[in-house]
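Spelled out, the chains give:
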Amino acid sequence: MTTTGAGSAHPLVEHLREIQAGEHAKWVIATGVLAEVRQEMADLQRRFEEAERSLLAADVRLSAVSDTVRQAEEFLGAKQPSHPPTDPGERPNSADPQSSGSDARDSGVPHQAAGRPASGVDTEQKSLTELVLEALVDGLDTPTSKIVAHAQLERPDATPRQITNCASHMRAKGKVLIVGRGLYRLVSKEPRT
């Protein structure tokens, strides 16, 4: 019969301790990797939120410029196009007397006021602002997809970006609220009884 001293252990126990030490080392590495990934995710989330805020601010500015161009065209008696360009590379017809080389319509950014004159369409279309208000009329939280779908029923030429730009501009003017990610609500002027 063999006895083991205080400093020695059975070979099976030694082998199991080696496995335990190896698994512990792997656990430490995995814990470190997880901590790094969590930090990267937090950084990405912060960058994503900053980018969303930047995009919203850009949407508001673009919508404001688009409204200014539209109002200037209306003031000057220019006929508003029925089909705004949907391709960022599409520009107003250079033969159009209303287009000048220095105005906002030459930016290449699609918006409601840019484009060519209507081609034989005499029906008056509702503005995007009116269509967004119609989509929000029930006073409930309304997802962006529902607003876009409602507006495109009457204005199939309008891009989702133009519609969300309009909603963002209305938010900046205090007409609508963003109550969650992609959720809008109409601002009520007077309490309902």
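Our structure is the block above this text.
Reading guide: rules and limits
Residues numbered from 1 in each chain as written. Predicted model: local features only at pLDDT ≥ 70, side-chain atom pairs only at ≥ 80, totals over all residues. Heavy atoms only, no water. Helix = DSSP H or I, 4+ residues; strand = E, 2+ residues; numbered from the N terminus. Buried < 20%, exposed > 50% of the residue type's maximum accessible area, 1.4 Å probe, protein only. Contact = heavy atoms within 4.5 Å. 1 Å grid on protein atoms, 1.4 Å probe; cavity = no way out; pocket = protein on both sides within 12 Å on 5 of 7 lines; lining within 4 Å. Points joined across faces, edges and corners; volume = space filled by probe spheres on them. Patch = residues over 30% accessible without salt bridge, like charges linked within 9 Å, V, L, I, M, F, W, Y side chains within 5 Å. Areas by Shrake-Rupley, 256 points an atom, 1.4 Å probe, with all protein chains shown as cover. Salt bridge = Lys/Arg side-chain N within 4 Å of Asp/Glu carboxyl O. Pairing = 2+ DSSP bridges. Core = buried A, V, L, I, M, F, W, Y, C linked by side-chain atoms within 4.5 Å. Expected span 1.5 Å × (residues − 1). Axes fitted to C-alpha atoms, helices over the stretch in contact; angles between N-to-C directions. Parallel < 35°, antiparallel > 145°, perpendicular 65-115°, else oblique. Nonpolar A, V, L, I, M, F, W, Y, C, P; charged D, E, K, R; others polar.

**Examining the overall build of the protein**
Each helix and strand counted, the protein has four helices and three strands in total. Seen in sequence order, the protein has helices and strands lined up from the N terminus as α-α-β-α-α-β-β. For the protein, with 193 residues in total, the buried portion stands at 25%. At a minimum sequence separation of 6, the contacts of the protein that also span at least 24 residues come to 61%.

**Some words on the layout of surface pockets**
Each pocket or cavity is described by its volume, and for the largest pocket that value is around 430 Å³. Only helix H1 (11-75), helix H4 (160-172) and strand S2 (176-180) provide two or more residues apiece to the lining of the largest pocket. Here the lining of the largest pocket gets five residues from one element, more than from any other, and that element is H1.

**Here's the deal with a nonpolar patch on the surface**
A cluster of nonpolar side chains, Ile-29, Val-33, Val-37 and Met-41, forms an exposed patch at the surface whose accessible area comes to about 370 Å². Structurally, Ile-29 can be placed in helix H1. The exposed category is assigned to Ile-29, whose relative accessible area is 57%.

**Description of the sheet that holds strand S1 (residues 142-143)**
If you walk across this open sheet you meet the three strands as S1-S3-S2, and the pairing is antiparallel. Pairing within the sheet leaves two strands with one partner each, and these edge strands are S1 and S2. Pairing geometry for S2 and strand S3 (residues 183-186), over four bridges, is antiparallel. Its bridge partner being in S3, Ile-178 is matched across the sheet by Tyr-184.

**Considerations on the nonpolar core**
Counting residues in each nonpolar core, the largest one holds 15 residues, and the members touching the most others are Leu-128, Val-132, Leu-136, Ile-147, Ile-163 and Tyr-184. Of all elements in the fold, only helix H2 (128-135), helix H3 (144-154) and H4 reach the threshold of two or more residues within this core.

**Brief notes about H1**
Helix length check: H1 (65 residues) gives 94 Å between terminal C-alpha atoms against 96 Å at 1.5 Å per residue, within 8%. The complete set of buried residues in H1 reads Asp-59, Val-60, Ser-63, Ser-66, Asp-67, Val-69, Arg-70 and Glu-73. Tucked inside the fold, the buried residues of H1 contact H4. Just downstream of H1 lies Gly-77, where phi reads positive at about 85 degrees.

**A closer look at the pattern of salt bridges**
A complete count under the given rule lists nine salt bridges for this structure. The residue Lys-26 makes a salt bridge to Glu-23 at a minimum N-O spacing of 3.6 Å. With a gap of three residues between them, Lys-26 and Glu-23 both fall in helix H1, about one helical turn apart. Using a relative accessible area of 54% as the deciding quantity, one classes Lys-26 as exposed. Glu-23 sits in the partly exposed class, given a relative accessible area of 46%. The network of salt bridges with common partners includes Asp-67, Arg-70 and Glu-74.

**Thoughts on the packing of H1 against H4**
With their axes 8 Å apart at the nearest point, H1 and H4 run at an angle of 90 degrees to one another. Classed by the angle they form, the pair H1 and H4 counts as roughly perpendicular. Residues Leu-55, Leu-56, Asp-59, Val-60, Leu-62, Ser-63, Ala-64 and Asp-67 of H1 form the contact with H4, whose participating residues are Arg-161, Asn-165, Cys-166, Ser-168, His-169, Arg-171 and Ala-172. Among the residues making up the contact of H1 with H4, the classes are represented as seven nonpolar, four polar and four charged.

**Considering the environment of Ala-158**
Its place among the elements puts Ala-158 in the loop between H3 and H4. Residues Ala-158 and Leu-128, spaced 30 residues apart in sequence, show a C-alpha to C-alpha distance of 8.3 Å. Setting aside residues no more than four positions away along its own chain, Ala-158 makes contact with Leu-128, Gln-152 and Ile-163.

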